[in-house]
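What the coordinates show
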Amino acid sequence: MPQIKAAKYFGNPILTPRVEESSFEKSCVYNPAAVVKDDKVYLLYRAEQGYYASYNSRIGLATSPDGFTFERYRDTPIIDIDGSRKEEKRGLEDPRIIRLEDGRYFLTYTAYAGMDEKGHDIALEGAFSTDLIHWEKIGRLVPGREKAGAIVQDYTWQGKYVMYFGEGLMKVAFSEDLRNWEVREEPVLEPRREYFDSFLVEGGPPPIVTKEGILLIYNSSDSVSYQPSFAVFDKEDPAKLLYRSDEPIVRPTEYWEMYGKVNAVIFTNALVNFKGKWLLYYGGADKSIGVAELTFS
């Protein structure tokens with residue numbers, strides 16, 4: 001089975017909050033999605049105003065010709081809060097993106113309505129785009145308070161898209177049209193006692209298909225820190241786990257990864273193959289964005 005090594009970029013963080021009073025990203029920029037278009041990396045990132053109980057999240061955009069130096073798209077979000085959608089009263093969080101065969105793009109994200117008597121009121125939702133600027137929101141993808149929908153890039157199983165999703169434990173779902181999903185309730189990945197992922201596991205970037213199987217990079221926590229690792233699922237049965245790493249790919253060690261809105265966090269939603277390099281984009285301490293180059297062996 002594959003092994004993965006990560007080399008953090010020496011220029012991290014590559015994107016930090018704008019401190020202007022009116023900025024929609026004054027407090028935090030983190031947990032981006034990424035896709036390659038027109039020989040550039042497009043980074044669709046979570047941007048926040050306010051902190052903790054008062055924050056609001058929107059999706060911003062930045063582009064890069066080299067994968068490391070980014071320029072923001074205007075001073076406005078590309079996906080804003082829709083006041084008519086009560087499920088996103090507090091915003092849109094943690095996007096993940098795939099490119100479709102017809103040239104369109106599909107984004108999953110967490111809609112956040114705030115806190116209620118049951119805790120965080122969240123929904124896993126989706127949106128389509130043809131240009132990465134304008135988006136058609138389609139609403140909830142799966143029932144319940146779910147999040148972290150990672151759809152396998154360039155792959156279908158029995159004519160259906162495959163999505164790994166969930167926080168705490170992970171499930172798998174299948175869809176012919178990306179709008180209607182059939183969920184298998186049996187978890188496909190769960191926390192492990194006395195490991196780095198003992199507290200929770202959560203979907204990461206859109207998985208990729210390799211000769212060994214479906215390679216899923218996932219986020220995890222031991223309740224002290226967050227760090228990503230990986231698992232491999234069977235291409236002939238996407239619910240069947242073939243291999244799981246005993247170590248994280250990368251851990252929070254740098255100051256900007258250790259101290260922020262939430263301390264000791266590396267959290268990833270984005271992996272792209274760009275100019276011969278596998279680039280993993282991640283949020284550090286729920287505050288800023290960095291990148292690491294991955295090598296597979």
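Refer to the structure presented above.
Let me sum up the structure you'll find in this document. Quantities reported herein were computed from a predicted structural model and do not represent experimental measurements. (Residues numbered from 1 in each chain as written. Predicted model: local features only at pLDDT ≥ 70, side-chain atom pairs only at ≥ 80, totals over all residues. Heavy atoms only, no water.)

1. Some points on the overall build of the protein
- Looking only at helices and strands, one finds one helix and 21 strands in the protein.
- Taken over C-alpha atoms, the radius of gyration comes to 17 Å for the protein, in line with the 19 Å a tight globule of 297 residues would show.
- The principal-axis extents of the C-alpha atoms in the protein amount to approximately 50 × 45 × 40 Å.
- Taking all 297 residues of the protein together, 57% fall into the buried category.
- Sequence separation of at least 24 residues holds for 51% of the intrachain contacts in the protein that already meet a minimum separation of 6. (Helix = DSSP H or I, 4+ residues; strand = E, 2+ residues; numbered from the N terminus. Rg over C-alpha atoms; globule rule 2.2 N^0.38 Å. Buried < 20%, exposed > 50% of the residue type's maximum accessible area, 1.4 Å probe, protein only. Contact = heavy atoms within 4.5 Å.)

2. Side note on the pattern of salt bridges
- Tallied over the entire structure, the rule returns 24 salt bridges.
- For arginine 85, the salt bridge identified is with aspartate 82, shortest N-O distance 3.6 Å.
- Via salt bridges that share partners, Arg46, Glu48, Glu93, Asp94 and Lys261 belong to a single interconnected network. (Salt bridge = Lys/Arg side-chain N within 4 Å of Asp/Glu carboxyl O.)

3. Overview of the sheet that holds strand E10 (residues 150-151)
- Here we have four strands laid out as an open sheet, ordered E10-E11-E12-E13, and antiparallel in their pairing. Strands at the two margins of the open sheet, each flanked by one partner only, are E10 and strand E13 (182-189).
- Both strand E12 (residues 170-175) and E13 contribute to a ladder of four bridges, which runs antiparallel. Paired with valine 172 across the two strands is arginine 184, which belongs to E13. (Pairing = 2+ DSSP bridges.)

4. Digging into the side chain of threonine 268
- Note on placement: threonine 268 falls in strand E19 (residues 266-274).
- Exposure remark for threonine 268: the relative accessible area of 0% places this residue in the buried category.
- Within the structure, the side chain of threonine 268 is placed 3.4 Å from the backbone nitrogen of alanine 270, a separation counted as a polar contact.
- Threonine 268 has contacts with Gly203, Gly204, Pro205, Ile217, Asn219, Pro228, Leu280, Tyr281 and Tyr282, leaving out every residue within four places of it along the chain. (Polar contact = N/O pair within 3.5 Å; in protein donor to acceptor, adjacent residues only side chain to side chain.)

5. Focus: the environment of lysine 8
- Inspection of the secondary structure puts lysine 8 in strand E1 (residues 4-8).
- C-alpha of lysine 8 to C-alpha of glycine 290: the two residues are 282 residues apart in sequence and 7.9 Å apart in space.
- Within the structure, the side chain of lysine 8 is placed 2.9 Å from the backbone oxygen of arginine 251, a separation counted as a polar contact.

6. Some thoughts on the sheet that holds strand E20 (residues 277-284)
- Spatial strand order, E1-E21-E20-E19: four strands in an open sheet with antiparallel pairing. Each end of this open sheet is capped by a strand with a single partner; those strands are E1 and E19. Taken over all neighbouring pairs, the strand axes of this sheet differ in orientation by 30° on average, direction set aside.
- Sheet topology note: the E1/strand E21 (residues 288-296) ladder contains five bridges and is antiparallel. Bridge pairing in E21 links alanine 6 to leucine 294. (Axes fitted to C-alpha atoms, helices over the stretch in contact; angles between N-to-C directions.)

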